[in-house]
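Each chain, letter by letter, is given below.
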Amino acid sequence: FKDMEEPTLVSGTDGCGTKVKVAMVMDKHDTIGIDAVAMCVNDIACAGGEPLFFLDYIACGKNYPEKIAEIVKGVAEGCVQSEAALIGGETAEHPGLMPEDEYDLAGFAVGVVDKKDLLTGEALKPGDVLIGMASTGVHSNGFSLVRKIFKMDKETLNTYHEELGKTLGEALLAPTRIYVKALKNVKEAGVRVKACSHITGGGFYENVPRMLPEGKHAVIKKDSYEVPAIFKMMEREGNVEEHMMYNTYNMGIGMIVAVDPADVEKTMEAMRAAGDTPYVIGEIKDGEKGVTLC
C-alpha cells in the first residue's frame, strides 16, 4: 500500500448459484471454482480495487476428496487469473442436511484501492462512452431459469449443438470471465474509468443503473455486438421474452465501463492486451437515472 495516499479495503462475497447443479449432473468440477472466484473479484475490480486474497467455503453432503480437490483446483486457477492469494477455506460435511453427492460453493475476497480511485460514477457526464467486455457465456447467474428451459440430465447436457459448436453442458459450464487484468491494464494505461458495472444477476436493467449518479441515463445499443448463441438458444427454447433475457443474463457482455470519448481507443487497446474483447455499446446522457436498451 506504500504508493497509496489513503488505502481503502473493498470486499466481495458470492457463490455460483445453482450452476453447481450442472457441474454435478456432468460430474465435471474443475471449473466451478473459477466461477466462485470470478463472482467476488469482478465486484472488487468494479469498485476500482485490486484483489488481495480469497477464501472458499464448500458445503457438501459427503466429503469425496477427489471431488473436493477438483473444485479447489478451479479456485486456485481463478486466484492465479486474478492475482489474488488463496489463503484458506473451509470444507464442511453436512450429512443428513444435503444429499451425499451434492455440494454448494461460495467465496469471499478482499481487495484494496486508493480512496481517490474508487469508482463512484460521480464524474460521469453526457457523451461519455460505454465500453462492454465480452462474456464467456451465462457466467454464474440465472441458472434457475436455465434449469427450467433445459432438462438437467446427462443426455441433454451431453448433446452436441451445431449452433453452439459444443455440447450444451460445455456451453453452460464455461467459467465466468475474470476482468481484473483488463481493468488493471486500463488503469495502467492512464485512463480514468468513470464508472463500472459487473453484469450479474438482474442483467442490464438492474446492474447498469448502479453505476450511475442521479440525473444520468445510460443508452445501450443491442446491435453493437453479437449476442452469443447460447442466449439465442435459451430465448427460443424457453420461449423467454427479450426483456426478461436482458433482465436476467449478461447477454454476452460481462463488464461495462464508462470513459471519456478521448480515452476510448486507449481503453480498448488495454483490454485487448489482457485477452478481452471490447465493444463500444452505448453512451451516457442526461436524464432520469436508469438504462435504455435500443
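These figures come from a predicted structure and were not determined experimentally.

A.B. asks: Mind showing me how you'd approach the environment of Leu212 here?
C.D. replies: Its location among the elements puts Leu212 in the loop between α8 (203-207) and β9 (216-220). Considering only alpha carbons, one finds Leu212 and Ala123, 89 residues apart in sequence, at a separation of 9.6 Å.

A.B. asks: In this structure, what is going on with the sheet that holds strand β4 (residues 103-114)? I would like to understand it.
C.D. replies: Strand pairing in a sheet relies on backbone hydrogen bonds. The paired strands run either parallel or antiparallel. Reading across the sheet, the 4 strands line up as β1-β4-β2-β3 and stay open at both edges, with mixed pairing between neighbours. Each edge of the sheet is formed by a strand with only one pairing partner; in this case those strands are β1 (7-15) and β3 (85-93). The average angle at which neighbouring strand axes cross in this sheet is 15°, direction not considered. Relative to β3, strand β2 (residues 50-60) runs parallel, the two being bridged by 8 bridges. Within β3, the position partnered with Asp56 by the bridge is Gly89. Each of β1, β2 and β4 touches helix α2 (residues 32-46); the most contacted strand, β4, lies at about 30° to it. Sitting on the sheet, helix α3 (residues 65-82) touches β2, β3 and β4, and the angle it makes with β2 is about 165°.

A.B. asks: Help me understand the packing of α2 against α3, please; the structure alone is not making it clear to me.
C.D. replies: In a packed pair of helices, the relevant descriptors are the angle between the two axes and the axis-to-axis distance. For the pair α2 and α3, interaxial distance at closest approach is 6 Å and the crossing angle is 40°. Judged by the angle between their axes, α2 and α3 are oblique. Pair α2 / α3 crosses with right-handed handedness. Touching Ile32, Gly33, Ile34, Val37 and Val41 of α2 are Ile71, Gly74, Val75, Glu77, Gly78, Cys79, Gln81 and Ser82, all from α3.

A.B. asks: Sorry, what's going on with the layout of surface pockets here?
C.D. replies: Any empty space left between atoms is shown by rolling a water-sized probe over those atoms. As a volume, the largest pocket reaches approximately 230 Å³. Lining the largest pocket are 13 residues, and of these Gly48, Leu119, Leu183, Lys187 and Val193 sit closest to its centre. If one sorts the elements of the lining of the largest pocket by residue count, helix α7 (residues 180-188) sits on top with 4 residues. Considering only residue class, the lining of the largest pocket consists of 6 nonpolar, 2 polar and 5 charged.

A.B. asks: Just checking my understanding: could you explain a nonpolar patch on the surface for this structure?
C.D. replies: Together, Phe1, Leu9 and Leu52 give the surface a local cluster of nonpolar side chains, amounting to about 310 Å² of exposed area. Inspection of the secondary structure assignment puts Phe1 in the segment before β1.

A.B. asks: Whenever I open this one, the packing of aromatic side chains confuses me. Can you help?
C.D. replies: What describes a pair of aromatic rings is the distance from one ring centre to the other and the angle between the planes of the rings. Here the structure, examined in full by the defined rule, presents 3 aromatic pairs. With a centroid separation of 5.9 Å and an interplanar angle of 50°, the aromatic rings of Phe231 and Tyr249 are classed as tilted. In this pair, Phe231 sits in helix α9 (residues 229-237) while Tyr249 sits in the loop between α10 (242-246) and β10 (253-259), placing the two residues 18 residues apart along the sequence. The residue whose ring lies beneath Lys222 is Tyr246, and the NZ or CZ to ring-centre distance is 5.6 Å.

A.B. asks: I tried to follow the pattern of salt bridges on my own but got confused; where do I start?
C.D. replies: Here the idea is simple: oppositely charged side chains can pair when their charged atoms come close. By the definition in use, this model includes 21 salt bridges. Across the salt bridge formed by Glu50 and Lys184, the nearest N and O atoms sit 3.8 Å from each other. With Glu50 in strand β2 and Lys184 in helix α7, this pair connects stretches of sequence that are 134 residues apart. Taking the relative accessible area as the measure of exposure, Glu50 reaches 30% and is therefore partly exposed. The salt bridge involving Lys184 is made with Glu83; its shortest N-O contact spans 3.0 Å. On the criterion of sequence distance, the pair formed by Lys184 in helix α7 and Glu83 in the loop between α3 and β3 is long-range, its members being 101 residues apart. What you see here is one network of salt bridges that share partners, running through Lys125, Asp128, Lys194 and Asp260.

A.B. asks: Would you take a moment to explain the nonpolar core for this structure?
C.D. replies: When a protein is soluble and globular, its nonpolar side chains tend to lie buried together. Among the nonpolar cores identified, the biggest contains 89 residues, and Phe204 and Ile256 are the most heavily contacted of them. Considering each element in turn, this core owes the most residues, 10 residues, to α2. For Ile256, the contacting residues outside a window of four places in its chain are Leu130, Ile131, Gly132, Ala195, Cys196, Ser197, Ile199, Phe204, Val208, Met211, Ile220 and Ile281.

A.B. asks: Can you walk me through α2 in this structure?
C.D. replies: The terminal C-alpha atoms of α2 lie 21 Å apart, and with 15 residues this matches the ideal 21 Å at 1.5 Å per residue to within 8%. Maximum bend of α2: about 25°, positioned at Ala38. Of the residues one or two after α2, Gly48 is the one with positive phi, at around 100°.

A.B. asks: Hey, could you run me through the environment of Cys60 in this one?
C.D. replies: Within the secondary structure layout, Cys60 lies in strand β2. For the pair Cys60 and His94, spaced 34 residues apart in sequence, the C-alpha to C-alpha distance is 5.8 Å.

A.B. asks: What am I meant to see in the sheet that holds strand β8 (residues 195-198) here?
C.D. replies: Reading across from one edge, β8-β10-β5-β11-β9-β12 is the order of the 6 strands in this open sheet, with mixed pairing throughout. Only two strands of the sheet have a single neighbouring strand rather than two, namely β8 and β12 (290-293). Along the sheet, successive strands turn relative to each other by an average axial angle of 25°, direction set aside. Both β9 and β12 contribute to a ladder of 4 bridges, which runs parallel. Its bridge partner being in β12, Val219 is matched across the sheet by Thr292.

Basis of the calculations
Along each chain, residues carry numbers from 1 onward, in the same order as the chain's sequence is written. Residues qualify for local features only when their pLDDT is at least 70, as the model is predicted, and side-chain atom pairs are given and counted only at 80 or more; totals for whole chains, interfaces and linings, by contrast, use all residues. Based on all heavy atoms of the structure, the side-chain values leave hydrogens and waters out of the count. In this description a helix means any DSSP run of H or I spanning at least four residues, a strand means any run of E spanning at least two, and both kinds are numbered starting from the N terminus. Here, any two strands with at least 2 DSSP bridges between them count as paired. Lines fitted to C-alpha atoms define the axes here, with helix axes fitted over just the stretch in contact, and angles between the N-to-C directions of these axes take values from 0 to 180 degrees. By definition, residues are in contact when any of their heavy atoms lie within 4.5 Å. Any angle between 65 and 115 degrees counts as roughly perpendicular, while under 35 counts as roughly parallel, over 145 as roughly antiparallel, and the rest as oblique. Crossings are assigned a handedness: left-handed for a near helix turned anticlockwise from the far helix by less than a right angle, right-handed for a clockwise turn. Lining residues are those with an atom within 4 Å of a point, where the points come from a 1 Å grid over the protein atoms alone and group into cavities, where a 1.4 Å probe fits but cannot get out, or pockets, open sets with protein on both sides within 12 Å along at least five of seven lines. Grid points are joined across faces, edges and corners, and a volume is the space filled by probe spheres set on the points. Residue classes follow a fixed rule: Ala, Val, Leu, Ile, Met, Phe, Trp, Tyr, Cys and Pro count as nonpolar, while Asp, Glu, Lys and Arg count as charged, and any other residue, Gly among them, counts as polar. The patch calculation keeps residues exceeding 30% relative accessible area without a salt bridge and links them within 9 Å when they carry like charges or within 5 Å when they are nonpolar (Val, Leu, Ile, Met, Phe, Trp, Tyr). Note that accessible areas follow from Shrake-Rupley with a 1.4 Å probe, and for residues the cover is restricted to the protein chains shown. One side-chain nitrogen of Lys or Arg within 4 Å of one carboxyl oxygen of Asp or Glu is enough to make a salt bridge. Classification of ring pairs rests on two measures: the distance between centres of Phe, Tyr or Trp rings, Trp counted by its six-membered ring, which must be within 6.5 Å, and the angle between planes, read as stacked under 30 degrees, edge-to-face over 60 and tilted in between. Placement of a positive charge over a ring is assigned whenever Lys NZ or Arg CZ falls within 6 Å of the ring centre and within 35 degrees of the normal to the ring plane. Exposed residues in this analysis have more than 50% of their type's maximum accessible area, buried residues have under 20%, and partly exposed residues fall in between, with area computed by a 1.4 Å probe over protein chains only. The term nonpolar core refers to a set of buried residues drawn from Ala, Val, Leu, Ile, Met, Phe, Trp, Tyr and Cys, joined through side-chain atoms within 4.5 Å. The span expected for a helix works out to 1.5 Å for each residue beyond the first. Here the bend at each residue means the angle between axes fitted to two seven-residue stretches, the one ending at that residue and the one beginning there.

So, to be careful, I would describe these as geometric facts and stop short of saying anything about function.
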